[in-house]
Amino acid sequence: AWRADRTFIGLDRRGRILLGTTSGGTLSLRRLGELLRAFPGLDLQYALNLDGGPPACMAVRTPELALEVWGRYESNDSTGREVIFWGKDPIAWPLPAVIALYPRGAPCSP
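Residues numbered from 1 in each chain as written. Predicted model: local features only at pLDDT ≥ 70, side-chain atom pairs only at ≥ 80, totals over all residues. Heavy atoms only, no water.

S.K.: Explanation requested: the pairing of strand S2 (residues 6–12) in the structure shown.
M.R.: Here S2 lies mainly inside the structure; 5 of its 7 residues are buried. Bridge count for S2 against strand S3 (residues 17–21) is 5 bridges, and the pairing is antiparallel. Bridge pairing in S3 places Ile9 opposite Leu19. Hairpin connection, S2 to S3: the antiparallel pair is bridged by 4 residues, and Gly15 has positive phi, about 90°. (Buried < 20%, exposed > 50% of the residue type's maximum accessible area, 1.4 Å probe, protein only. Helix = DSSP H or I, 4+ residues; strand = E, 2+ residues; numbered from the N terminus. Pairing = 2+ DSSP bridges.)

Structure representation (structure tokens):
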């Protein structure tokens, strides 16, 4: 019954890590799984939903790419009518977790 933006992490069959955040607030967990399976080119072996709703966010900073995606809302229709939580504007939530990726063999430092 819950539909929201979703943030996920996945591992493909070649050992590559995939990070993603959806937008639009329309995905149930089941639909997220269906969506990820609908793209066979991803070749995902595992996928894990990290969060949903307004806290579903992602910030990427590399020399080649700067990207920020912030969740907007989540909804539930378990009562027989659609109820929307939060607002329609994105909220710049503090990131609750940080995942750092380093090239293989590179020293890892904070």
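S.K.: Teacher, can you tell me more about the sheet that holds S2 here?
M.R.: Neighbouring strands of a sheet are bound in pairs by backbone hydrogen bonds; such pairs are parallel or else antiparallel. On the basis of which strands lie adjacent, the open sheet formed by 3 strands has the order S3-S2-S4 and antiparallel pairing. The open sheet is flanked by S3 and strand S4 (44–52), the only strands paired with a single partner. Each strand axis lies, on average, 15° off the axis of its neighbour in the sheet, ignoring direction. (Axes fitted to C-alpha atoms, helices over the stretch in contact; angles between N-to-C directions.)

S.K.: Can you help me understand the pattern of salt bridges in this one?
M.R.: Between side chains of opposite charge, a pair can form as their charged atoms come close. Evaluation of the coordinates by the stated rule reveals 4 salt bridges. Asp12 is the salt-bridge partner of Arg16, the closest N and O atoms lying 2.7 Å from each other. Judged by its relative accessible area of 43%, Arg16 is partly exposed. The shortest N-O distance in the salt bridge between Arg31 and Glu34 comes to 3.9 Å. (Salt bridge = Lys/Arg side-chain N within 4 Å of Asp/Glu carboxyl O.)

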